[in-house]
Amino acid sequence: KRIAIFASGSGSNAQKLMEHFKRSNEIEISLVLTNNADAYVLQRADNFEIPTHIFDKNEFYKTDEVIDLLKNLEIDFVVLAGFLWLIPKNLIHAYPGRIVNIHPAILPKFGGKGMYGDHVHNAVMAAGETEGGITIHYVNENYDEGEYIYQAKYRIDKSDNLEMVKFKGQQLEHQHYPRVVETIVKKISK
Ligand code: GRF
């Protein structure tokens with residue numbers, strides 16, 4: 001099976017996915033796509049010799065070019081890893097039940113438009129939460145709303161600062177995302 005990763009930034013989750021599937025005979029990361037020409041994920045993909053594609057708003061929302069590229073490369077499954085743009089309807093329909101995302105909170109709390117990166121962790125801390133977590137979920141036409149696949153939690157101590165909370169969340173993401181993706185991709189039929 002062939003996976004495409006969409007990412008907008010650093011791509012530490014993309015890195016873990018590329019490492020995880022590097023030696024797999026069944027699953028390959030075949031393409032990394034981004035809306036951000038400066039995204040560090042592009043460097044990471046180069047290091048793994050994985051092809052990349054950069055697109056702009058017009059291409060993504062007004063044309064079928066991204067879908068055509070995915071289909072031409074026989075991509076079976078799409079993984080979002082820190083991708084900040086809403087997925088358009090045509091892409092959802094082209095990959096029904098085959099697009100997943102990871103969110104750095106226990107949804108449905110702390111999700112939705114504007115809830116990404118530090119905004120999430122700041123909101124979690126401002127709310128005085130004693131637990132943070134991650135959610136891996138299917139992607140539909142709204143931000144952070146598709147069916148949940150997996151959730152995990154970590155403890156937030158009173159003494160934790162933003163960096164600590166972020167770190168705990170990121171550790172959980174790195175630990176679980178590759179494994180959960182592998183399980184789902186193995187279940188889909190060709
Ligand atoms: C992660 O926290 C993920 O949950 C969210 O965006 C962040 C991406 O981080 N969707 P990275 O680019 O994988 O380091």
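Above: the structure in question.
This one's a predicted model, so the numbers in the text were calculated from it and none came from an experiment. (Residues numbered from 1 in each chain as written. Predicted model: local features only at pLDDT ≥ 70, side-chain atom pairs only at ≥ 80, totals over all residues. Heavy atoms only, no water.)

1. Looking at the nonpolar core
- Of all hydrophobic cores here, the largest spans 38 residues; its most connected members are Ile3, Ile5, Met18, Val79, Tyr177 and Val181.
- Examining the composition of this core, we find that seven residues originate from one element, helix 7 (residues 162–187), more than from any other.
- Residues in contact with Tyr177, not counting those within four places in the same chain, are Asn13, Leu17, Val79, Leu80, Ala81, Val100, Asn101, Ile102 and Ile136.
- Core analysis: the next-biggest nonpolar cluster, separate from the first, contains 20 residues, Phe55, Val78, Phe83 and Trp85 among them. (Core = buried A, V, L, I, M, F, W, Y, C linked by side-chain atoms within 4.5 Å. Buried < 20%, exposed > 50% of the residue type's maximum accessible area, 1.4 Å probe, protein only. Helix = DSSP H or I, 4+ residues; strand = E, 2+ residues; numbered from the N terminus. Contact = heavy atoms within 4.5 Å.)

2. Regarding the site of the ligand
- Taken together, the neighbourhood of the ligand is formed by Ser10, Gly11, Ser12, Asn13, Gly82, Ile102, His103, Pro104 and Glu173.
- Within the backbone of Ile102, a nitrogen or oxygen atom sits 2.8 Å from a nitrogen atom of the ligand.
- A distance of 2.4 Å is found between an oxygen atom of the ligand and a side-chain nitrogen or oxygen belonging to Glu173.
- For the ligand, whose free accessible area comes to 370 Å², the fraction covered by protein is 81%.
- Looking at the shell around the ligand, the elements that each hand over two or more residues are helix 1 (12–21) and strand 5 (99–103).
- For the shell around the ligand, a count of residues per class yields two nonpolar, six polar and one charged. (Near = heavy atom within 4 Å. Polar contact = N/O pair within 3.5 Å; in protein donor to acceptor, adjacent residues only side chain to side chain. Areas by Shrake-Rupley, 256 points an atom, 1.4 Å probe, with all protein chains shown as cover. Nonpolar A, V, L, I, M, F, W, Y, C, P; charged D, E, K, R; others polar.)

3. Topic: the environment of Val181
- Within the element layout of this structure, Val181 appears in helix 7.
- C-alpha of Val181 to C-alpha of Gln15: the two residues are 166 residues apart in sequence and 14 Å apart in space.
- Apart from residues no more than four positions distant in its own chain, Val181 is found in contact with Ile3, Leu17, Phe21, Val79 and Val100.

4. Digging into the packing of aromatic side chains
- Applying the stated criterion to the full structure yields 11 aromatic pairs.
- With a centroid separation of 6.2 Å and an interplanar angle of 45°, the aromatic rings of Phe6 and Phe60 are classed as tilted. Of the two residues, Phe6 sits in strand 1 (residues 2–6) while Phe60 sits in helix 3 (residues 57–62), which places them 54 residues apart along the sequence.
- In this structure an aromatic cluster arises from ring pairing among Phe6, Phe55, Phe60, Tyr61, Phe83 and Trp85.
- A cation over a ring is seen here: Lys71 above Tyr95, with NZ or CZ 4.1 Å from the ring centre. (Phe/Tyr/Trp six-rings, centres within 6.5 Å; stacked < 30°, edge-to-face > 60°. Lys NZ or Arg CZ within 6 Å of the ring centre and 35° of its normal.)

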